[in-house]
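Residue-level structure breakdown
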Amino acid sequence: MLGTDFRTGSPNWLDLGSPDIDAATAFYSGVFGWNFVSAGPDTGGYGFFQKGGKTVAAIGPLTEEGAKSAWMVHFMSPDIQATARAVSDGGGSVRMAPMDVMGEGWLAQFTDPQGAQFASWQPGKTSGLEVASDENSLVWVELHAPDPVAAVSFYNGVFGWRSEEMQAPGMTYRVLSTKDGDQREASFGGVAPQGDGAGGGGVGPSWVPYFHVADVDATMSAVQGNGGSVLMPAADVPDVGRIGWAADPFGATFALLKPSPQM
């Protein structure tokens, strides 16, 4: 599962684009107990979700024409210019060219060849999230793609990721690991065929964040009680844990996971 000892290709940042930051903040506070801390008056409303004084995610306004509210997974790059070239060489597109974010790091945003959006963060003063895999923080990321084999090949070319196939009910699931370290210990996410997997039936090509929670059923109730919707009710997945899929009041998709001890 995820940690904060970021390596090349590790998920190291996560933020939400939302049309209403105040309302979205109230929702996630009600669901996960997060607090919002503004990044300052010069950041256009951008700020941080924190738990216990440590950053677990971030939120900002929608900036692209026609954009819908969604979570954006960022992957660590030691050389974001090289990452942008690798994305283009692999058939992806650069939606936002690498830019220096006030000395905190370098940011770029991309779309992979099958249409899933993602971003990269090259650490500066900010290396990334301060908490991962603890309760109410990011624990896993999952790509839903029409062609998982092609997706794995693309991201291998960009980040050097490794993958391992495992059989899940009705599909082949591909577990992703960074290029360095023990493959199992370095795993951070997976690839599922679009339309399959937990809650994936209504999700287009996209990266979906999973948050670790102590009680998936209770958190699902909190989602509904705060104006969100359940996309897939809580269910047990052997050797994985109890999972569920949800959407916030503006349609941003996310998943919940209470990991089994085997993970």
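Quick summary incoming for the structure in this document. Keep in mind that what you see is a predicted model, and the values were worked out from it rather than measured.

Quick look at the packing of helix α1 (residues 21–32) against helix α4 (residues 216–225) now. Close contact between α1 and α4 brings their axes to 8 Å; oriented N to C, the two are set at 155 degrees. One way to sum up the angle between α1 and α4 is to call them roughly antiparallel. For the element pair α1 and α4, the recorded crossing hand is right-handed. Contact residues: α1 offers Phe27, Gly30, Val31 and Phe32, while α4 offers Thr219, Ala222 and Val223.

The next thing to look at is the sheet that holds strand β6 (residues 93–100). Reading across the sheet, the eight strands line up as β2-β3-β4-β1-β5-β8-β7-β6 and stay open at both edges, with mixed pairing between neighbours. Of all strands in the sheet, those with a lone pairing partner are β2 (35–38) and β6, marking the two edges. Across the sheet, the mean angle from the axis of one strand to that of its neighbour is 30 degrees, orientation sign disregarded. As defined by bridge partners, strand β1 (residues 11–18) adjoins strand β4 (residues 54–61) across four bridges and the pair is classed as parallel. Its bridge partner being in β4, Asp15 is matched across the sheet by Ala58.

Take helix α2 (residues 80–89) next. By the burial criterion, the buried members of α2 are Ile80, Thr83, Ala84, Ala86 and Val87. End-on, the buried residues of α2 take up no more than an arc of 160 degrees, which puts them together on one face. Residues of α2 that are buried in the fold lie against β6, β7 (105–111), β8 (117–123) and α3 (148–159).

Attention shifts here to the pairing of strand β14 (residues 229–237). By the bridge criterion, six bridges tie β14 to strand β15 (residues 241–247) in an arrangement that is antiparallel. Residue pairing across strands places Ala235 opposite Ile243, the latter belonging to β15.

Side chains that are nonpolar tend, in soluble globular proteins, to be buried together. In this structure, Tyr28, Trp71, Trp207 and Phe254 are the most contacted members of the largest nonpolar core, which totals 54 residues. In terms of nonpolar packing, the next biggest core, distinct from the first, is built from 14 residues, Val139, Trp140, Met171 and Leu257 among them.

Time to look at the sheet that holds β14. Read across the sheet, eight strands follow the order β10-β11-β12-β9-β13-β16-β15-β14 without closing on themselves; strand pairing throughout is mixed. Edge positions in the sheet fall to β10 (162–168) and β14, since each of these pairs with one other strand and no more. Within this sheet the neighbouring strands show an average axis-to-axis angle of 25 degrees, counted without direction. Direction of pairing for strand β9 (residues 137–145) relative to strand β13 (residues 206–212): antiparallel, over a ladder of seven bridges. Residue pairing across strands places Ser137 opposite His212, the latter belonging to β13. α4 rests against β14, β15 and β16 (253–259) of the sheet, and its axis sits at about 5 degrees to β15.

Tallied over the full model, the rule gives 34 aromatic pairs. Between Phe27 and Phe254 the ring centres are 6.3 Å apart and the planes differ by 65 degrees, which places this aromatic pair in the edge-to-face class. Here Phe27 is found in helix α1, whereas its partner Phe254 is found in strand β16, with 227 residues between them in sequence. Relative accessible area serves as the criterion here: at 0%, Phe254 is assigned to the buried category. Taken together, the ring pairs connect Phe75, Phe110, Phe118, Phe154, Tyr155, Phe159, Trp161, Phe188 and Trp207 into an aromatic cluster.

Relative orientation of the contacting elements α2 and α3 amounts to 150 degrees, with a least axis distance of 8 Å. One element, α2, and the other, α3, form an angle in the roughly antiparallel class. Considering only the axes of α2 and α3, their crossing is right-handed. Residues Thr83, Ala86 and Val87 of α2 touch α3, and the partners they reach there are Phe154, Gly157, Val158 and Phe159.

Next up on the list: unusual backbone geometry. With a phi close to 50 degrees, Met102 is a non-glycine residue in the positive phi region. Here Met102 shows up in the loop between β6 and β7. Residue Met102 is classed as exposed on the basis of its relative accessible area, which comes to 58%. Phi at Ser133 is positive, roughly 75 degrees, even though this residue is not glycine. Residue class for Ser133 comes out buried when judged on its relative accessible area of 14%.

Rules behind the numbers
Residues numbered from 1 in each chain as written. Predicted model: local features only at pLDDT ≥ 70, side-chain atom pairs only at ≥ 80, totals over all residues. Heavy atoms only, no water. Axes fitted to C-alpha atoms, helices over the stretch in contact; angles between N-to-C directions. Helix = DSSP H or I, 4+ residues; strand = E, 2+ residues; numbered from the N terminus. Parallel < 35°, antiparallel > 145°, perpendicular 65-115°, else oblique. Left-handed = near helix turned anticlockwise from the far one by under 90°. Contact = heavy atoms within 4.5 Å. Pairing = 2+ DSSP bridges. Buried < 20%, exposed > 50% of the residue type's maximum accessible area, 1.4 Å probe, protein only. Arc of directions from axis to C-beta. Core = buried A, V, L, I, M, F, W, Y, C linked by side-chain atoms within 4.5 Å. Phe/Tyr/Trp six-rings, centres within 6.5 Å; stacked < 30°, edge-to-face > 60°.

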